[in-house]
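As a plain string of letters, each chain reads:
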Amino acid sequence: MNFDEFKLHHDGLRSKPSVICFTETWIQSTCDIRLFDLQEYSPMLSDPGTNRNAGVAIFVHQSLMFVQVNLQTSLNVIVVECTNSSKLSFYVVCLYNSPSNDKAKFLMQFENLLSQLMELKHPSFILGDINIDLIVQDSKAEEYVSILNSHGFKQIVNEPTRVTPTSSTLLDHVSHNSNLDVTVLNMQITDHHAVQVDLPETRNPRKHTPCTIRKMPFLKETSALTAYLTDLSAQFETFGGDGNLNEEFDEFDESNNAR
């Protein structure tokens, strides 16, 4: 896939993604970043180093505030803290692991990365081409999943992301320590499928109406307290609705004082 092909596909989308992650970018540090201009997005690119087919990139939409986070790691990764208009903050971690890398060494570095992510104050979402096939459950795949789970993360892509006439593999993963939904998309412009990640809609915290603490003299006797608790259990679901909480309590209080 080249970037011009992606831009044509992106222009045809009705709903634009908030964050776009690329792996295996092949983008050298000497490249002109203006060649990768995407309207309404800010790009962040990593240098692939000695492995020219490596490199990752994150494009963040102008609707989000963002800042790049520097973690202590030698992995090919970019970490960005994003905040949306609802003041919801989260971290996007775009990661690439070359199939030629030593898997044992990668898993040690990956575990260190997860430990650092656990210290951050907002949910984290790890996306990328990890090149560990989770369809074939070998020892390294099991160790990888175990490391994720032990650090509070869950990998949620459950279908192949690279399909050829002779193979079907799950190499592109999405892991999180919050809640989200994923969809695997065959874009037909690259040998890997795209993975779409949707964060759940956030709701503003509910504003509670203050309730005055009342004295309840009718609860002096044990039998009255038992009856009160029985009524309270039966009527509990009516409290905290859309009505006035103090008025609801007054009605309940009067019914008990009328005993």
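Below: a short report on this structure. No experiment lies behind these values; they were computed from the predicted model shown. (Residues numbered from 1 in each chain as written. Predicted model: local features only at pLDDT ≥ 70, side-chain atom pairs only at ≥ 80, totals over all residues. Heavy atoms only, no water.)

Details of the overall build of the protein
If you tally the helices and strands in the protein, you get five helices and 13 strands. Within the protein, buried positions represent 38% of all 259 residues. Put simply, of all contacts in the protein between residues at least 6 apart along the chain, 55% involve residues at least 24 apart. For the protein, the computed accessible surface area is about 15900 Å², with 49% contributed by carbon and sulfur atoms. (Helix = DSSP H or I, 4+ residues; strand = E, 2+ residues; numbered from the N terminus. Buried < 20%, exposed > 50% of the residue type's maximum accessible area, 1.4 Å probe, protein only. Contact = heavy atoms within 4.5 Å. Areas by Shrake-Rupley, 256 points an atom, 1.4 Å probe, with all protein chains shown as cover.)

A word on the sheet that holds strand β6 (residues 89-96)
What the six strands build is an open sheet, ordered β4-β5-β6-β7-β11-β8; its pairing is mixed. Each edge of the open sheet is held by one strand with a lone partner, namely β4 (65-69) and β8 (154-155). Bridge count for strand β7 (residues 124-129) against strand β11 (residues 172-176) is five bridges, and the pairing is antiparallel. Looking at the pairing, I126 lines up with S175 of β11. (Pairing = 2+ DSSP bridges.)

What to know about the packing of aromatic side chains
A full pass over the atoms with the stated rule returns five aromatic pairs. Between F90 and F125 the ring centres are 5.9 Å apart and the planes differ by 70 degrees, which places this aromatic pair in the edge-to-face class. One end of the pair, F90, is in strand β6; the other, F125, is in strand β7, with 35 residues separating them in the sequence. For F90, a relative accessible area of 8% translates into the label buried. Within the aromatic cluster, the residues linked to one another by ring pairs are F6, F22 and F59. (Phe/Tyr/Trp six-rings, centres within 6.5 Å; stacked < 30°, edge-to-face > 60°.)

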